[in-house]
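For reference, the chains in residue letters:
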Amino acid sequence: MEHRPANRLFSLKESYRAFYYGLRTIKYMSQARRQKLLSTDFIERVMLAVTEVNGCAVCSYAHARLALEAGISSRQIQDMLSGVMDEVPAHQQPAVWFAQHYADSRANPSRLSWDRMIQLYGDAAAKGILGAIRMIMIGNIFGIPLGSFLNRFKGKPDKRSSIFYEIGMMGASIILVPVALAHALLDNLGRKPIIVFKSFPPASDTFYSKL
């Protein structure tokens, strides 16, 4: 299993993009759930996969409880938060792998991986999965500095972080959310694409290589 750092640190630019794309796609997750295309346990497994990559202790705690309530066993939750995805139901595995790829690439998935998601799940469900991934990315990006801030007062500071970074990231949401919301609403009205791609060599597409 690949060793990951305790958590990942994100920039303000990445935080803004997370809010913007999350606000653009949350409706698809809600729609897919209402249409019974995605179950609660499916969504929680996707969110656990993203949280495992980003290493957010705050979100791990919160979504472990939600996953238990959705019927996922405590052992499987512990496995997923350790990077072991072996017992994920077969029909959910590609979504979990895509979620890991999305987080690993810092919200820059390959076009090949997204096209495969649509082939496997259909447009509506794939967009619902994307919405779930982006919502937990928001939680991770702001849960990580919150966790580091709280640990600082327990005598366990993150050496890669600083109190200024932690307070700044948490406080930035006051400004970022309304601006990102206005941006998202305008681009939804303009029907701009909900996902853009950077170029990835085929060998680097970890999602596709698992299929």
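The structure we're discussing is the one just above.
First things first, this report covers the structure right here in the doc. (Residues numbered from 1 in each chain as written. Predicted model: local features only at pLDDT ≥ 70, side-chain atom pairs only at ≥ 80, totals over all residues. Heavy atoms only, no water.)

Turning our eyes to something else, we now look at the overall build of the protein. Scanning the protein for helices and strands turns up nine helices and zero strands. The C-alpha atoms of the protein give 17 Å as radius of gyration, which agrees with the globular expectation for 211 residues (17 Å, within 12%). Projected onto its principal axes, the C-alpha positions of the protein cover 50 × 45 × 35 Å. Evaluated residue by residue, the protein yields a buried proportion of 47% over its 211 residues. When contacts within the protein are restricted to residue pairs at least 6 apart in sequence, those whose partners lie at least 24 apart make up 79%. Counting only carbon and sulfur atoms, one obtains 61% of the accessible surface of the protein, whose full area is about 10800 Å². Distance between charge centres in the protein, computed from 26 positive and 16 negative side chains, equals 6 Å. (Helix = DSSP H or I, 4+ residues; strand = E, 2+ residues; numbered from the N terminus. Rg over C-alpha atoms; globule rule 2.2 N^0.38 Å. Buried < 20%, exposed > 50% of the residue type's maximum accessible area, 1.4 Å probe, protein only. Contact = heavy atoms within 4.5 Å. Areas by Shrake-Rupley, 256 points an atom, 1.4 Å probe, with all protein chains shown as cover. Lys, Arg positive; Asp, Glu negative; His and termini not counted. Charge placed at Lys NZ, Arg CZ, Asp CG, Glu CD.)

Turning our attention to helix α5 (residues 93-104). An ideal rise of 1.5 Å per residue puts 16 Å on 12 residues; α5 measures up with 16 Å between its terminal C-alpha atoms. The buried count for α5 comes to 11 of 12 residues, which makes it a mostly enclosed element. Looking at α5, one finds that the buried residues are Gln93, Pro94, Ala95, Val96, Trp97, Phe98, Ala99, Gln100, His101, Tyr102 and Ala103. Downstream of α5 by a residue or two, arginine 106 has a phi angle that is positive, lying close to 55°. (Expected span 1.5 Å × (residues − 1).)

Further remarks concern helix α1 (residues 12-34). In this model α1 runs 33 Å from its N-terminal to its C-terminal C-alpha over 23 residues, within 8% of the 33 Å that 1.5 Å per residue would give. Along its length, α1 shows its largest kink, about 35°, at threonine 25. If you check which residues of α1 are buried, you get Glu14, Ser15, Ala18, Phe19, Tyr20, Tyr21, Gly22, Arg24, Thr25, Tyr28, Met29 and Ala32. In the core, the buried residues of α1 are packed alongside α2 (40-54), α7 (123-152) and α8 (163-189). Lysine 36 sits one or two residues past α1 and shows a positive phi near 60°. (Bend = angle between axes of the 7 residues up to and from the residue.)

In the contact formed by helix α6 (residues 111-121) and α7, the axes pass within 7 Å of each other and the chain directions differ by 125°. Taken together, the axes of α6 and α7 are oblique relative to one another. Considering the relative orientation of α6 and α7, their crossing is right-handed. The residues of α7 that touch α6, namely those facing Trp114, Met117, Ile118 and Tyr121, are Asp123, Ala125, Ala126, Lys127, Ile129 and Leu130. (Axes fitted to C-alpha atoms, helices over the stretch in contact; angles between N-to-C directions. Parallel < 35°, antiparallel > 145°, perpendicular 65-115°, else oblique. Left-handed = near helix turned anticlockwise from the far one by under 90°.)

Our focus in this paragraph is the packing of aromatic side chains. Applying the stated criterion to the full structure yields six aromatic pairs. Ring plane angle 55° and centroid distance 6.3 Å describe the contact between phenylalanine 98 and tyrosine 102, whose orientation is recorded as tilted. Of this pair, phenylalanine 98 and tyrosine 102 both sit in helix α5, four residues apart, which is roughly one turn of that helix. Judged by centre distance (5.0 Å) and plane angle (70°), the ring pair of phenylalanine 149 and phenylalanine 153 falls under edge-to-face. Following the ring pairs from residue to residue traces out a cluster consisting of Phe98, Tyr102 and Trp114. For the cation-ring pair, arginine 106 lies above phenylalanine 10, with the distance from its terminal atom to the ring centre recorded as 4.6 Å. (Phe/Tyr/Trp six-rings, centres within 6.5 Å; stacked < 30°, edge-to-face > 60°. Lys NZ or Arg CZ within 6 Å of the ring centre and 35° of its normal.)

Before going further, it helps to examine the nonpolar core. One finds Val46, Met117, Ile129, Ile133 and Met137 to be the most contacted residues of the largest nonpolar core, which totals 55 residues. At 12 residues, α7 tops the list of elements feeding residues into this core. (Core = buried A, V, L, I, M, F, W, Y, C linked by side-chain atoms within 4.5 Å.)

Below, the discussion takes up the packing of α5 against α7. Closest axis-to-axis distance for the α5/α7 pair is 10 Å, and the angle between their directions is 40°. Classified by the interaxial angle, the pair formed by α5 and α7 is oblique. In the crossing of α5 with α7, the sense of the turn from one axis to the other is right-handed. Residues Ala95, Phe98, Ala99, Tyr102 and Ala103 of α5 lie in contact with α7, whose contacting residues are Ile129, Leu130, Ile133, Arg134 and Met137. Its residues assigned to classes, the contact of α5 with α7 comprises nine nonpolar, no polar and one charged. (Nonpolar A, V, L, I, M, F, W, Y, C, P; charged D, E, K, R; others polar.)

Counted by the stated rule, this structure contains nine salt bridges. Of the charged contacts, one joins aspartate 79 and arginine 75 as a salt bridge, the two residues approaching to 3.8 Å between their closest N and O atoms. Residue aspartate 79 and its partner arginine 75 are both found in helix α4 (residues 74-81); the two are separated by four residues, about one turn of the helix. Put simply, aspartate 123 and lysine 127 hold a salt bridge, and the shortest N to O gap is 3.3 Å. A residue pair is termed a helical-turn pair when its members lie 3 or 4 positions apart in one helix, as aspartate 123 and lysine 127 do in helix α7 at four residues. A cluster of three or more residues bridged by salt bridges with shared partners is formed by Arg75, Asp79 and Glu87. (Salt bridge = Lys/Arg side-chain N within 4 Å of Asp/Glu carboxyl O.)

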